[in-house]
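Here's the letter readout for the chains.
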Amino acid sequence: MKSRLILSLTSVLSIWMAGCGPVGNPSQDGKLNVVATVSPITNIIYNIGGENINISGIVPEGVNSHTFEPAPSDARKLADADLIFANGLDLEDPTLDLARANLREGAEIVVLGEQTIGPDEYVYDFSFPKEVGSPNPHLWPNPIFALRYAEITRDTLVRRDPANADYYKENYDKFKDRIDTLDEAIKATINSIPENHRKLLTYHDSFAYFAPRYGMTVIGAIQPSDFAEPSAKDVADLITQIRDEKVPAVFGSEVFPSPVLEQIAKESGAKYVSDLRDDDLPGAPGEDKHSYFGLIVEDVRIMAETLGGNPALIADFDVSNVPGKDQAVEQNQ
Ligand SMILES: [Zn+2]
């Protein structure tokens, strides 16, 4: 009699739970399971959550995050997550679709970009034209927007895990101090570049929100909105523009090696630099420079070096993560 009652209670319970959507596996260690998309965002969340959260990054470093399709194994991670952080602004639509389809009871998706700027601040440009409909999603190369991402992360973690609230707040305060110093270091470094050289012509269009803060002009980007190679006419026009505006250098990206860019540089006489990055952290997991700070410092150092500024003004910046080395982050590679 007793065992029959237990049996029927169990089945009622499982039917009730099934009615609430996927249940997933809460972590065994009592920590929040946090999943993020691109590595700079994963890293910002690690800087606030440290080892008090389980954190996993879905988009492998060095792949095109704009066209990334999550693997079936990522569905499991998303189903087990308490919190899923994404940039939004149409950067990770396939991952967000998979997250929504697998979201378990009580879990939430936090979209950072839309909580950072409003539609009146969206930038539409070369690679993200208004007629296609998606704004340039690269907010994080602007450290002030990255700080807002950290603030949203802090508030979310404090709400979901109040027992560790002080820890998250302390990490945020340290992260903010470092961002403030970084912002000053970037200003000084960019100001050391001769004014008529403060121009960015990049292959991948990821400095739309960085450039205006530091008095740089994005004069163009080469990658079309469908992420294919530019047409022969586009290439010819760019070569003319580079010569006319005396652009000193064209910048390629780690993630998008492009023979076209090399050709443009050769024919226009501009210097070709291949290693700016927007979502591939420098170094390897566990190294100090494998951090959001490392990413920005590396880009600014390269810009200064190439455009005639003083890279020493930022070279010694402390790029380490606030909670220490990041080997606890489970990053798809
Ligand atoms: Zn990008």
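Before reading further, recall that the structure is shown in the block above.
Here the structure is a predicted model, which means the values were calculated and not measured. (Residues numbered from 1 in each chain as written. Predicted model: local features only at pLDDT ≥ 70, side-chain atom pairs only at ≥ 80, totals over all residues. Heavy atoms only, no water.)

Undergrad: A description of the sheet that holds strand 2 (residues 53–57) should follow, citing residues and the corresponding values.
TA: The 5 strands lie next to each other as 4-3-1-2-9, forming an open sheet whose pairing is parallel. Since the sheet does not close on itself, it has two edges, and those belong to strand 4 (108–111) and strand 9 (330–331), each with one partner. Relative to strand 3 (residues 83–86), strand 1 (residues 32–36) is paired through 3 bridges, and the arrangement is parallel. Residue pairing in the sheet places A36 in a bridge with F85 of strand 3. In the packing of helix 2 (residues 39–49) onto the sheet, the strands contacted are strand 1, strand 2, strand 3 and strand 9, and the crossing angle to strand 2 comes to about 170°. (Pairing = 2+ DSSP bridges. Helix = DSSP H or I, 4+ residues; strand = E, 2+ residues; numbered from the N terminus. Contact = heavy atoms within 4.5 Å. Axes fitted to C-alpha atoms, helices over the stretch in contact; angles between N-to-C directions.)

Undergrad: Break down unusual backbone geometry for me, with residues and values.
TA: The residue L89 is not glycine, and still its phi comes out positive at about 55°. As for its placement among the helices and strands, L89 is situated in the loop between strand 3 and helix 4 (93–102). Although it is not a glycine, D90 sits at a positive phi angle of roughly 65°. With respect to the helices and strands, D90 occurs in the loop between strand 3 and helix 4. The exposure class of D90 is partly exposed, given its relative accessible area of 38%. (Buried < 20%, exposed > 50% of the residue type's maximum accessible area, 1.4 Å probe, protein only.)

Undergrad: Can you lay out helix 9 (residues 292–307) for me, pointing to particular residues and giving the numbers?
TA: An α-helical segment advances 3.6 residues per turn. Residues three or four places apart therefore align on the same side. Between its first and last C-alpha atoms helix 9 spans 23 Å; for 16 residues at 1.5 Å apiece the expected length is 22 Å, and the two agree. Most of helix 9 sits inside the fold, with 13 of its 16 residues counted as buried. G308, located one to two residues past helix 9, shows a positive phi value of around 90°. (Expected span 1.5 Å × (residues − 1).)

Undergrad: Tell me what's going on with a negative patch on the surface, and back it up with residues and numbers.
TA: Negative charge collects at one region of the surface, where D166, E170, D173 and D177 lie side by side. In this fold, D173 is placed in helix 6 (residues 165–191). Classification of D173 as partly exposed rests on a relative accessible area of 43%. (Patch = residues over 30% accessible without salt bridge, like charges linked within 9 Å, V, L, I, M, F, W, Y side chains within 5 Å. Areas by Shrake-Rupley, 256 points an atom, 1.4 Å probe, with all protein chains shown as cover. Salt bridge = Lys/Arg side-chain N within 4 Å of Asp/Glu carboxyl O. Lys, Arg positive; Asp, Glu negative; His and termini not counted. Charge placed at Lys NZ, Arg CZ, Asp CG, Glu CD.)

Undergrad: Got a sec to walk through the environment of L147? Specific residues and values, please.
TA: On the secondary structure map, L147 appears in helix 5 (residues 143–160). L147 gets classed as buried once you look at its relative accessible area, which sits at 9%. Separated by 173 residues in the primary sequence, L147 and S320 have C-alpha atoms spaced 16 Å apart. With residues up to four places along the chain from it excluded, the contact list for L147 reads Y172, F175, K176 and I179.

Undergrad: So what about the coordination of the zinc ion? Which residues, and what values?
TA: By definition of the ideal shapes, four donors in a tetrahedron about a metal sit 109.5 degrees apart, and six donors in an octahedron sit 90 or 180 degrees apart. Within the protein, the zinc ion binds to H66 (NE2), H138 (NE2), H204 (NE2) and D278 (OD); these donor distances fall in the range 2.1 to 2.4 Å. The site at the zinc ion holds 4 donor atoms, and with the angles between them running 84 to 162°, its shape is irregular. (Donors = N, O, S within 2.8 Å, 3.2 Å for Na, K, Ca; no water. Tetrahedral: all angles 85-135°; square planar, octahedral: opposite > 155°, others 65-115°.)

Interpretation in functional terms is not warranted from these geometric data alone.
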